[in-house]
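Observations on chain architecture
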Amino acid sequence: MRSGVALKRSVLRKSGKLIPLYPTFFLVVFFLVPFTVMLAVSFFHRVEGAFFEPAFEFDNYLRFFDPFYLGILQFSILLSMAAAVLATAIAFPFTYMITRMSRKAQVVALVLLLAVLSLSEVIIGFSWSTLLSRTSGISNLFVSLGLLEKPTSYYPSLSAVLIGLVYLSVPYAVLVLYPPLSRLDPELPEAARMMGASPMRTFFTIVIPLLRRPIMSTLILVFVFTLGAYTLPQTLGKPSSWTLSVHITDQAIFQANLPFAAAMAIFLLVVTLAMIAVTSMLDKTKSEGDTK
Amino acid sequence: MKLLRNLFVTMIFVFMAAPFVVVAGVSFNERKRLIFPPEGFSLSWYGALWTEADWFNAMQNSLVIALLSSLLAVSLALPIALYLWQRGNVLAKALFSLGLAPFMLPPVITALGLLIFWVTIGGSGQLYATVISHGVFLVTLPLVTISLGLQTINVQFLEAARVMGATERTVFRTVSLPLVFPYIVSGFAFAFVLSLNEYIIAYMVAGFTVETLPIKILNSLRYGYTPTMGAVAVLFALTSVLVFSLIARFGDLPRLLGAPARDAE
C-alpha cells in the first residue's frame, strides 16, 4: 500500500493550490470571533436596563460561587451522570445486538435512531409530556390493565426529566458505540462460545472488557451531551430541576444579564473541553485487542 | 437466546416510538383537546399549519432557514474537505478541526456566543443572521460526509484521467465530483434536518422576530396544548425518517456511521 499512498500524494499535489479563504473567513468571523467576544463580555460590567459596558472584573465569575449556583452546578452534574450511566447501560447491549444482525436490519435500525437523534429537543419534550400526561398518557394504559385506580400525571418531575434525557441520549450513545462494536472481531466472542461459555458470560467476560475504553468515552460524551440539554428540564421538570444550561438561557434572555450568562457559558465550555480532552486521550491509547 | 435478544431490541424500539404513537394519536382528535386514544378522527390540525397564519409563517421560516443554511454549510465544507484531501498539511487539519468544533460543544454555548456577536454588530432578530449562524454551526455534517467520500476515491482514476490529458478542472468535474456527489447530498440532507429541528441558536439569534417551528411550539406550550403541535411533531418525525431512508437508499449508511466497508455477506 506504500506505493498507493505515494501515488495519492503525487497526484493530489498537482491539484488544488488555493487555501480555502471563503470557508476560513466564515469559520473565523462567525465562530471564533463570537467566542472571543463572549469571553470578553464575561469580564464586562452589567448595566441595568442596557446590555453591558466594557470593564475587566471577575464579579461574574465570583457570583457563580454562591451556594445557589453551586447547588445548580452539582445538580446538573449529578443529573447528567445518571443519564449517561443509564443511557450507556441500555445502549451498549443494544448496539452489540444490532451489529450482530444482517446489514439490512442494521440499516433500518440506524435510520430510526438517526431520525430520533435529529429531532428537536422541543419536540421530544412535548411528546414525552403528552405521554406522561393525565389525559392522554401512559397511566390510562395502566388503568385499563387494572394496575392503577385512575389516570394520573407523571410530570413535571425529576424522573420525567431523567427519562427524557435518557431517551435523548440513547441514540447518541448507540452511534458513538457503533463503530467500535461493528469492528469488533467476531472470532473473539465465537471462540469463547466454542470453549463453552454461555452468551451472557461471553458478553460480560469478553465483549465488555475488550471495549472498556469505548465505554468510558461514551460515558463522557453522553455526559457532555446531556449537560447541554436546555429545554427538557423546562418542559418536563419543575424549576428545581433546571440545569446550568437552562440558567444560562434564563440569564441571557429573561434577566438580560449577558456578562453573567457569558461567565457561566465559559465555565461550561471549560468543563466540556476538559472532558473531550480526556476522551481523546482514551482514544489515543487504544486498547490491545480492541479493533483491527 | 435469540428470542431474548429480539425481545430486548423490540423493547428499545417501543421505548423510542412510544411518545410518537401518543402524539400521532392526539393529533387526530376532533376537538381541541389532547386525548388518547383520540376522540373522533380529523386531519384538521394538519390543515391548521396551512390555514393559520402564525403556524404557516413559522413553517415557512423553518423551511427557508433550513434550505439556505444547509446550502451554506455544504459550500463551506466542500472547499475544506477538498483542501484536506489534497494537502493534508497542518493548516488543512486545523481548518478541519475548526469545522468539527461547533458540533462538539453544548449548543447553548455557541448560541450565547452568537447572540452576543449579533447584538454587538447588529443583525440580531434578522433572518439572515439565523441562516449564517446555522450554516456555520452545521458545517460539521457535510464536512464529515464529504471527507469520507473523498477517501473512497481511487486516486488511480485521477491519474488515468490526467495521463489522458484532462486538465485539473476537467478531472474534478468529470471524475471527483460525480464520485463524491452522493456524500455531498447526504451532508446537505443531514444539515437540513438538523437545522429544521434546531432550537436554541435560532431562538437566541432571532427568536423574538423570526419564529421557527420549534420556537413556535415552545412558545405556544406556555399557553396550553393544541393538537397542531402534535401534527408538527408527527410531520417532523416523518421527515427525519424519510430523509435518512433516502440517505440509506443511495449511500452506505453503516459505513457512513463508522462500520467497516461492506464485505461479501
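None of the values given here were measured: they were computed from a predicted structure. (Residues numbered from 1 in each chain as written. Chains lettered and ligands numbered in written order. Predicted model: local features only at pLDDT ≥ 70, side-chain atom pairs only at ≥ 80, totals over all residues. Heavy atoms only, no water.)

1. Focus on the nonpolar core
Inclusion rule: Remark: nonpolar core denotes a set of buried residues (Ala, Val, Leu, Ile, Met, Phe, Trp, Tyr, Cys) joined through side-chain atoms within 4.5 Å. Each residue is assigned to one of three classes by its accessible area relative to the maximum for its type, calculated with a 1.4 Å probe on protein chains only: buried under 20%, partly exposed between the two thresholds, exposed over 50%. Here a helix means four or more residues in a row that DSSP labels H or I, a strand means two or more in a row labelled E, and each is numbered from the N terminus. Only heavy atoms matter for contacts: two residues are in contact if any of them lie within 4.5 Å across the pair.
Core analysis: the biggest nonpolar cluster contains 174 residues, and Met 38 and Ile 248 of chain A together with Leu 112, Met 204 and Leu 253 of chain B have the highest contact counts within it. With 14 residues, the single largest contributor to this core is helix 3 (residues 53-86) of chain B. If sequence neighbours within four positions are ignored, Met 38 of chain A has contacts with Ala 262, Ala 265 and Ile 266 of chain A together with Ile 109, Leu 112, Gly 113 and Ile 116 of chain B.

2. Things to note about the interface of chain A and chain B
We count it as follows: Joining two parts hides part of their accessible area as seen by a 1.4 Å probe, and the buried area is that hidden amount summed over both. By definition, a salt bridge exists where a carboxyl oxygen of Asp or Glu is found within 4 Å of a side-chain nitrogen of Lys or Arg. Two N or O atoms count as a polar contact when they lie within 3.5 Å, although within protein this holds only if one can serve as hydrogen donor and the other as acceptor, and sequence-adjacent residues are included solely when both atoms are side-chain atoms. Nonpolar residues are Ala, Val, Leu, Ile, Met, Phe, Trp, Tyr, Cys and Pro. Charged residues are Asp, Glu, Lys and Arg, and all others, Gly as well, are polar.
Taken residue by residue, the interface counts 89 residues in chain A and 93 residues in chain B. Taken as a group, Leu 27, Arg 103 and Phe 126 of chain A account for 9% of the area that chain A buries against chain B, more than any other trio of residues on that side. As a salt-bridge pair, Arg 103 of chain A and Asp 252 of chain B come within 3.3 Å of each other at their nearest N and O atoms. Here chain A and chain B share eight residue pairs in polar contact (both at pLDDT 80 or more) between them. Residue contributions to the side of chain A that touches chain B peak at 15 residues, all from helix 2 (residues 21-41) of chain A. Partitioning the side of chain A that touches chain B into residue classes produces 64 nonpolar, 18 polar and seven charged.

3. Regarding the side chain of Ser 245 of chain A
Note on placement: Ser 245 of chain A falls in helix 13 (residues 244-254). When sequence neighbours within four positions are dropped, the list of residues in contact with Ser 245 of chain A reads Leu 227, Gly 228, Ala 229, Tyr 230 and Leu 268 of chain A together with Val 108 of chain B.

4. Observations regarding the confidence of the model for chain B
Defined as follows: Scored between 0 and 100, pLDDT is the confidence that the predictor attaches to each residue.
Per-chain confidence: chain B averages 87 in pLDDT, with 98% of residues scoring 70 or above. Across chain B, the element-wise mean pLDDT spans from 83 in helix 8 (residues 155-163) of chain B up to 96 in helix 6 (residues 127-137) of chain B.

5. Some details on the packing of aromatic side chains
The description of an aromatic ring pair rests on the distance of the ring centres and on the angle between the ring planes. Here is the rule we go by: Pairing of aromatic side chains requires ring centres within 6.5 Å, counting the rings of Phe and Tyr and the six-membered ring of Trp. Pairs whose planes differ by under 30 degrees are stacked, by over 60 edge-to-face, and all others tilted. Over a ring means this: the NZ of a Lys or the CZ of an Arg is within 6 Å of the ring centre and within 35 degrees of the ring normal.
All chains considered together, the criterion is met by 32 aromatic pairs over all chains. Centroid distance Phe 26 of chain A to Phe 30 of chain A: 5.3 Å. Interplanar angle 45°. Geometry classified as tilted. Separated by four residues within a single helix, Phe 26 of chain A and Phe 30 of chain A lie in helix 2, roughly one turn from each other. Residue Phe 26 of chain A shares its accessibility class with Phe 30 of chain A, and that shared class is buried. Ring geometry for Tyr 199 of chain B versus Tyr 203 of chain B: centroids 5.2 Å apart, planes at 15°, classification stacked. Exposure remark for Tyr 199 of chain B: the relative accessible area of 4% places this residue in the buried category. For Tyr 203 of chain B, a relative accessible area of 4% corresponds to the buried category. Taken together through their ring pairs, the aromatic side chains of Tyr 22, Phe 25, Phe 26 and Phe 30 of chain A together with Phe 117, Trp 118 and Tyr 128 of chain B make up a single cluster. The cationic tip of Arg 63 of chain A hangs over the ring face of Phe 260 of chain A; the distance from NZ or CZ to the ring centre is 4.1 Å. If you follow Lys 216 of chain B out to its NZ or CZ, it ends over the ring of Trp 55 of chain B, 5.1 Å from the centre.

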